[in-house]
Amino acid sequence: MAADPQPVEGIQIVIEDEDGKVTTDPVTGTVSTAQPDGGVVVQLDAHRQKKDGDDTGDKFYDNLADDIGSSRLSLIANELHDQIAADDRSRGNHLEIRARGLGLLGLELKEPRATVGDTSAAVEGQSTVTNPLLLEACLKGWANAQAELLPSDGPVKVANKDDKAIQTEDNLADAYERDINHYLTKTATEYYPDTSHMLLWGTYFGGSGFKKIYRCPMKRRPVSESVDEKDLIVSDTTKDLRSCARITHQIPMRPSVLKRMELSGYYRKGPATTPSPPSPNAVDAKIAGIQGTDPTPQQSRPEEQPYTIWESQCELDLPEYAPGKFKNEGIPLPFLVTMDKDSREIKAVRRDWKEDDDDCQRRRMYVKYPYVPGPGFYGTGLLNILGNASSTLTAAWRLALDSAMFANFPSGFISKLGGRQNTSNLTQAPGTFTPIETNNRPINEIISPNIWKDVSPGMLALIDKVVQQTQALSAAGDIPTAEGVANVPVGTMLAQIEQATKVESAAHKGMHQAQAEEIELIVDLFRENPEDFWKSNKVCPKDYWNEQKFLQALNDCNLEPASDPNTPSHIHRVAKGVALSQLIAVPAFTPIMDARGTLNTILGVIRQDPTNIVLPQQAPAPPAPDPNMIAANAKMISAQASQSKAVSGAQNAAAELDIKRQQLAAEQNIASVDLAKELVIHKDDNARAQADAAHTQQTAAQQHGLATAQHGLASAQAVHDANMDVAEHALNVHQAMNPPTPQTNE
């Protein structure tokens, strides 16, 4: 019966069953159990061998150097050292060109060649001025790229925020964008200055800027740092980073930093060695000359001598660390090897592919910021584009200055007879004359000046021609400003800017794409270690982020650079804003354009906050009343008044009829009383009185019936009139609401 392995005091014990149905891979920790039906149950990473003092078990990216034998490490180190050294030698001419290019910038202050002992000078006092054409182009391009790629609010934005997103998702996207920009501007304080340095000296000057994106074991967070061309060693025959066999970063590391890396377990501990004095290359020596420093300052203090560390992304055939389908196939897989260049001691060997990648593709660690693609691995920068023109203008400037100096302060020849002076070096102040001895000969026979020509118009025209030709290839375009161009149409101005910045626009698109790739690599590192994102963030609410919410933000939100790939400079934005302001002023476009939206766009172009500038949006005014509706309402009100009048008349007629009935009843009662009195008084005339009373009663009844009939007829007539008014009112309303359609004669 097999038991699960349990770690006891650093020892791992695996008890397998007697028939050998349970097997354990000692490297990967995979347990395979054979089943009675012929199947196999595989438990991946069930238990792995532990390193000494490690309570967490072997991880995928752990240092494998301790598990590889020392003899095998020596073989790997020697072979890898030879390969990297060959790669380093292959770029020797490239570094020489870069060193000469640094001299064309004119950053090194030089004294005129004023002595005869200066063998590089044709004559004494020769000028050493350098034309700043190359430096000006680099600085203009760098300033524009820094403004576009490194805005003050942060270099990234969330791409998929829209009005249809629910409030929860929108808040998450806002928080994600805010905190990633806070990380790149406040937490990773090295990002902005390092990127700015890379854009100037790598991308624009040299043609290739390189960023290295990795999780720093010392800072314990993702880091994106620039790597100078002289410190990145690749084969010169390689076209890009993804297809090269080796990428080596040459790192000068102080002894204290190396000891910290060994103490943290990131590097393998080894015997203490004394680093060899570095041999600076041509670029290091030139940079030291420009800055006025010693390229090897540590030679005077050996204890401060830095180690030269080679960190190489290479391919090794280590079958015991290969996954299933690559095991024992003899196929080299990507590994990250760190070694000391001088002692050839390997400090670390790590797998260099993602754990869930079955194809074992090398992890991307470097991003290349190009200017113009070059014929080989290295890009084409302004050094290559303007280097020859800058050399030409430098030579022309020196020739012009020397010609002007010797034309104004001429030298010449003096006769030996004229040499009988106290001195032949005659210096004169303005307005003074110096006596000389001529031995009774004309002075022009004693002294003969050299014929030094001043700067000719042809030379000045050539200088202007070279400057104009090279300005079209410079990194940034200027708005045309001269007399007569104040009222140039916006379309013409945009066309001139577009034509002048073709190269700049293409370079900006390449840098925008490179920054997008860099952001993607940073996000991948955060995905592997989510806590690195918020552990140093002091602007977000406490406990706002957790791993689940952060992974949701990574899945729902797409980050992209804040720059616009189609707008390479602020000049383009301003010109577009002016074009919008002119378009909305065109009468044909005014009704179909949103004035408020256009104004907000223009304010955004000039980077102006619309607060206290744009009035808050007011409620829309009610629409103007329809004349037909007004007429219909008037007729309706008139009909309602007529109907009310008719109803009131009918009610009054009914009231009058009731009053008359009451009066008639009262008169009838009075008549009955009078009749009773007469019967009492005139008993004898009873019969006659009865007859008269009956006659009178019959007459009154007839009169009352006649009056009642007349009153009923009047009431019926009033009700009929009211109904007719109501019908007429309804007809008027119908005609007002449904006017007749005019008929056309066909």
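The structure displayed is predicted, hence computed values, not measured ones.

Moving on: the sheet that holds strand β8 (residues 221-227). With antiparallel pairing, three strands are arranged side by side in an open sheet as β8-β7-β14. Edge positions in the sheet fall to β8 and β14 (366-370), since each of these pairs with one other strand and no more. Pairwise comparison of adjacent strand axes, ignoring direction, gives a mean angle of 25° for this sheet. Note that strand β7 (residues 208-216) and β14 share five bridges and pair antiparallel. Residue pairing across strands places lysine 211 opposite valine 367, the latter belonging to β14.

Attention now moves to the environment of valine 605. The residue valine 605 is located in helix α16 (residues 595-605) in this model. Take valine 605: its relative accessible area is 11%, and that puts it in the buried class. Separated by 30 residues in sequence, valine 605 and alanine 575 have C-alpha atoms that sit 9.3 Å apart. When residues no more than four places from it in sequence are discounted, the contact partners of valine 605 are His570, Arg573, Val574 and Gly577.

Tallied over the full model, the rule gives 25 salt bridges. We note a salt bridge from arginine 91 to aspartate 88, for which the minimum N-O separation is 2.8 Å. Of the residues examined, arginine 91 reaches a relative accessible area of 2% and is grouped as buried. Overall, the relative accessible area of 23% leaves aspartate 88 in the partly exposed class. With a shortest N-O distance of 2.9 Å, arginine 363 and glutamate 528 are connected by a salt bridge. Taken together, the positions of arginine 363 in the loop between β13 (346-351) and β14 and glutamate 528 in helix α12 (residues 502-528) put the pair 165 residues apart, joining distant regions of the chain. The network of salt bridges with common partners includes Arg242, Arg364, Glu517 and Glu520.

The subject of this paragraph is the pairing of strand β10 (residues 247-253). Of all seven residues making up β10, six are buried, and the element is well covered by its neighbours. Here strand β9 (residues 232-233) pairs with β10 via two bridges, running antiparallel. Bridging across to β10, isoleucine 233 finds its partner in threonine 248. Sheet analysis places β10 next to strand β11 (residues 307-316), joined by seven bridges and oriented antiparallel. Residue pairing across strands places histidine 249 opposite glutamate 311, the latter belonging to β11.

Take the nonpolar core next. Counting 52 residues, the largest nonpolar core has Leu134, Tyr176, Leu382, Met511, Phe533, Trp545 and Phe550 as the members making the most contacts within it. For this core, the leading source of residues is α12, giving nine residues. Ignoring any residue separated from it by four or fewer positions in sequence, one finds phenylalanine 550 in contact with Tyr176, Phe526, Pro530, Phe533, Trp534 and Trp545. In terms of nonpolar packing, the next biggest core, distinct from the first, is built from 25 residues, Phe60, Ile84, Phe326 and Leu333 among them.

Now for the packing of helix α3 (residues 133-149) against α12. It is the contact of α3 with α12, at a shortest axis distance of 11 Å, that shows an interaxial angle of 40°. By the angle class used here, α3 and α12 are oblique. Seen along the crossing, α3 lies across α12 with a hand that is right-handed. Between α3 and α12, the residues in contact are Asn144, Ala145, Glu148 and Leu149 and Glu504, His508, Met511 and Gln515, respectively. Classifying every residue of the contact of α3 with α12 gives three nonpolar, three polar and two charged.

Listed as buried for α16 are Thr598, Ile602, Leu603 and Val605. Buried residues of α16 fall within an arc of 155° about the axis and therefore sit on the same side. The N-capping residue of α16, defined by a side-chain oxygen 3.5 Å from the backbone nitrogen of glycine 597, is aspartate 594.

Turning our attention to the sheet that holds β13. If you trace the five strands from one edge of the open sheet to the other, you get β9-β10-β11-β12-β13, paired in antiparallel fashion. Strands at the two margins of the open sheet, each flanked by one partner only, are β9 and β13. Across the sheet, helix α1 (residues 70-90) is in contact with β9, β10, β11, β12 (333-340) and β13; its angle to β11 comes to roughly 100°. Running over the sheet, helix α6 (residues 255-263) touches β10, β11 and β13 and is turned about 115° from β10.

How two aromatic rings sit relative to each other is set out by the distance from centre to centre and by the angle between their planes. Counted under the stated rule, the structure contains 19 aromatic pairs. Both rings, one in tryptophan 545 and one in phenylalanine 550, keep their centres 6.0 Å apart while their planes meet at 85°; by these two values the pair is edge-to-face. Here the two residues tryptophan 545 and phenylalanine 550 agree in accessibility, since each one is buried. In textbook terms, an aromatic cluster arises when at least three aromatic residues are bridged by ring pairs, as seen for Tyr176, Tyr183, Phe526, Phe533, Trp534, Tyr544, Trp545 and Phe550. Its end group placed over the ring of phenylalanine 60, arginine 351 keeps NZ or CZ at 4.9 Å from the ring centre. Above the plane of the ring of tyrosine 544 lies lysine 549, whose end atom (NZ or CZ) is 3.9 Å from the centre.

How each quantity is defined
Residues numbered from 1 in each chain as written. Predicted model: local features only at pLDDT ≥ 70, side-chain atom pairs only at ≥ 80, totals over all residues. Heavy atoms only, no water. Pairing = 2+ DSSP bridges. Helix = DSSP H or I, 4+ residues; strand = E, 2+ residues; numbered from the N terminus. Axes fitted to C-alpha atoms, helices over the stretch in contact; angles between N-to-C directions. Buried < 20%, exposed > 50% of the residue type's maximum accessible area, 1.4 Å probe, protein only. Contact = heavy atoms within 4.5 Å. Salt bridge = Lys/Arg side-chain N within 4 Å of Asp/Glu carboxyl O. Core = buried A, V, L, I, M, F, W, Y, C linked by side-chain atoms within 4.5 Å. Parallel < 35°, antiparallel > 145°, perpendicular 65-115°, else oblique. Left-handed = near helix turned anticlockwise from the far one by under 90°. Nonpolar A, V, L, I, M, F, W, Y, C, P; charged D, E, K, R; others polar. Arc of directions from axis to C-beta. Polar contact = N/O pair within 3.5 Å; in protein donor to acceptor, adjacent residues only side chain to side chain. Phe/Tyr/Trp six-rings, centres within 6.5 Å; stacked < 30°, edge-to-face > 60°. Lys NZ or Arg CZ within 6 Å of the ring centre and 35° of its normal.

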